Amino acid sequence: MLRTLHILDFVIVDQAEIAFEPGFTVFSGETGAGKSILIDALSLALGGRGDASLVREGAARADISAVFDTPPAAARWLAEQAIEGTELILRRVIDAQGRGKAYINGLPATLTQLRDLGALLIDIHGQHAHQSLLASASQRDILDTQGGHGQDALALQAAWDTWRAALATLESARRDAAGQAAALEKLQDDVAFLDALAPDPDEWPTLCARQSRLAHAQALLAGASQAAEALDGESGSASQALQAALQALQALVRHDPRLEEHCQALESARILCAETVSGLNAYADRLELDPDALAQADARMSEMFAAARRFQVEPETLAELHRQLAAQLQHSAAQHDIDALAQACAQAEARYQAAAQALSARRQTTARRLSEQVTAAMQTLSMEGGTFQVQLAACKPGAHGLETVEFLVAGHAGVAARPLSKVASGGELARISLALSVIASQAARVPTLIFDEVDSGIGGGVAEVVGHLLAQLGQRHQVLCVTHLPQVASCAGHHFQVSKKTRAHKTLSSIQALDADARVQEIARMLGGLKITDATRDHAREMLRLSSR
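In this text, all values refer to a predicted model and were calculated from it rather than measured experimentally.

Participant: Before we go on, may I ask you to explain the pairing of strand S12 (residues 448-452) in this structure?
Facilitator: Note on strand geometry: in a regular strand, side chains alternate between the two faces of the sheet. For S12, a buried count of 5 out of 5 residues is recorded, marking the element as mostly surrounded by other parts of the structure. As defined by bridge partners, strand S8 (residues 122-125) adjoins S12 across 4 bridges and the pair is classed as parallel. For isoleucine 124, the partnering residue across the bridge sits in S12 and is isoleucine 450. Bridge analysis of S12 against strand S13 (residues 478-482) gives 5 bridges, and the strand direction is parallel. Residue pairing in the sheet places phenylalanine 451 in a bridge with cysteine 481 of S13.

Given below as structure tokens:
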């Protein structure tokens, strides 16, 4: 549940620290006092959109922090995000230039993260929510949300997209069959040519090195022999010179030991010279003149040069081109296999139909249950004898299923139910919206529910029923409600008053928790307007007394 909300320099609130309790809490105040600013501030902390207009005039930034208990679903989300903390703190900062920052437990966060986490904590029913009931898409979403069909609806959308994509591929292949046949034939010829050539990825540099060695074998043999003779020939060789130098120094070492290191260097050079001579002789022995091998290497290079010219690439890239064209051939063949594409399309359609029919069955069940629940709620909201129906009408297959969803209502007994958009008055629409909100919230898993003037358009005894409904809901959830109705306010367990004052030519809004006496005064104001009499105070006390039963 929501524990505290701290607001700093937000719209017309300079500073507010609000502590919340479990159960049903109301916020009241005169029109324009800033009651809905509380909801706006909380929405911002939950990842709502913000800009510089939200910063109080003259302030550097707006700063909103909301502290929550951590329900199990939120704890799992935090663990997945590797965010720790003994309590859950959501914070949002917007500066005067409109730049914003978001934090979860002191760590920088994205707005998407705030929204994802906020969806596990709070459900907000806005004051104009009832207007969305008139849209067919909203009615379908309400039905699916109430029945827990959300994942099924997403899966159906994916199945529809897959089917349409498969159908588009099939139709494209049928249209382009003649033109694609020639392209496919050329691709097949190119792949067959490269299959026969069979270039290896590392073949070209190896082939070039081998051909160069075979082409210059005579020069390599002569050079190796000449080098070996210079190093260890019969006369004037490097080996003889090193041996003579070594002997000359060895005779002098006994006179000056410092010459020993030079003797060691000459000995190492003499040994290296002997090893090099041995290596060159072995190289010359292995090196043979092979005209046939040279001819084979030249022929292979000619083949690869010809292939490179055909495809206008470098010879060393032929192996990669072969791989790419083979993959393209496989894909193109599959894309233009009409029978295979038709079979894939049929399978995609079958999966869509199965998902759609399963969702239709679940929607039928939920529609009956929701119709009964809202009809029952209408009897307590001054719509006795009225009925509510969720009508599912068959339609052509689409992304949202095999049926349209439409809410029908009969305001009183003896009349036929007609579409909600055509028959419901503003007050009836608000009452039906509230009934749907309460029914949907009974199944809600979030701990906190907020109703922002969803009681607009009602009054009298209906308002009292609404207050009792919200109080009952407060036994299962933390319920916060912005209201202008004394009948609703008197049913709450906790009451805050929002007021607006002008100080130093600046208008500021303040929020105050009301004690018993102040609460009587506020409900009397809501009953009687600007002039509060003893009679209205007595009436307010009576409403509070009756509501507490």
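That was the structure; now back to the text.
Participant: I tried to follow the layout of surface pockets on my own but got confused; where do I start?
Facilitator: The method is simple in principle: a probe with the dimensions of a water molecule rolls over the atoms, and the space it marks as empty is what remains. The volume enclosed by the second largest pocket comes to roughly 310 Å³. Considering the residues around the second largest pocket, the lining is formed by 16 residues, among which Asp144, His149, Gly150, Gln151 and Ala153 are closest to the centre. Breaking the lining of the second largest pocket down by element, the ones donating at least two residues are helix H4 (136-147), helix H5 (150-175) and helix H13 (338-379). With 6 residues, H5 is the largest single contributor of residues to the lining of the second largest pocket. The residue makeup of the lining of the second largest pocket, split by class, is 5 nonpolar, 7 polar and 4 charged.

Participant: What exactly am I supposed to notice about the packing of aromatic side chains here?
Facilitator: For any pair of aromatic rings, geometry is given as the distance between the ring centres together with the angle between the planes. Applying the stated criterion across every chain, the model contains 9 aromatic pairs. Aromatic side chains tryptophan 163 and tyrosine 352 sit 5.3 Å apart centroid to centroid with 35° between the ring planes, which places their arrangement in the tilted category. A residue pair is termed long-range when its members are at least 10 positions apart, and tryptophan 163 in helix H5 and tyrosine 352 in helix H13 qualify at 189 residues. The same class applies to tryptophan 163 as to tyrosine 352, namely buried. Ring centres of tryptophan 204 and phenylalanine 305 lie 5.1 Å apart, and the angle between their planes is 85°; this geometry places the pair in the edge-to-face category. With tryptophan 204 in helix H7 (residues 203-215) and phenylalanine 305 in helix H11 (residues 291-311), this pair connects stretches of sequence that are 101 residues apart. Taking the relative accessible area as the measure of exposure, phenylalanine 305 reaches 37% and is therefore partly exposed.

Rules of the game
Residues numbered from 1 in each chain as written. Predicted model: local features only at pLDDT ≥ 70, side-chain atom pairs only at ≥ 80, totals over all residues. Heavy atoms only, no water. Buried < 20%, exposed > 50% of the residue type's maximum accessible area, 1.4 Å probe, protein only. Helix = DSSP H or I, 4+ residues; strand = E, 2+ residues; numbered from the N terminus. Pairing = 2+ DSSP bridges. 1 Å grid on protein atoms, 1.4 Å probe; cavity = no way out; pocket = protein on both sides within 12 Å on 5 of 7 lines; lining within 4 Å. Points joined across faces, edges and corners; volume = space filled by probe spheres on them. Nonpolar A, V, L, I, M, F, W, Y, C, P; charged D, E, K, R; others polar. Phe/Tyr/Trp six-rings, centres within 6.5 Å; stacked < 30°, edge-to-face > 60°.

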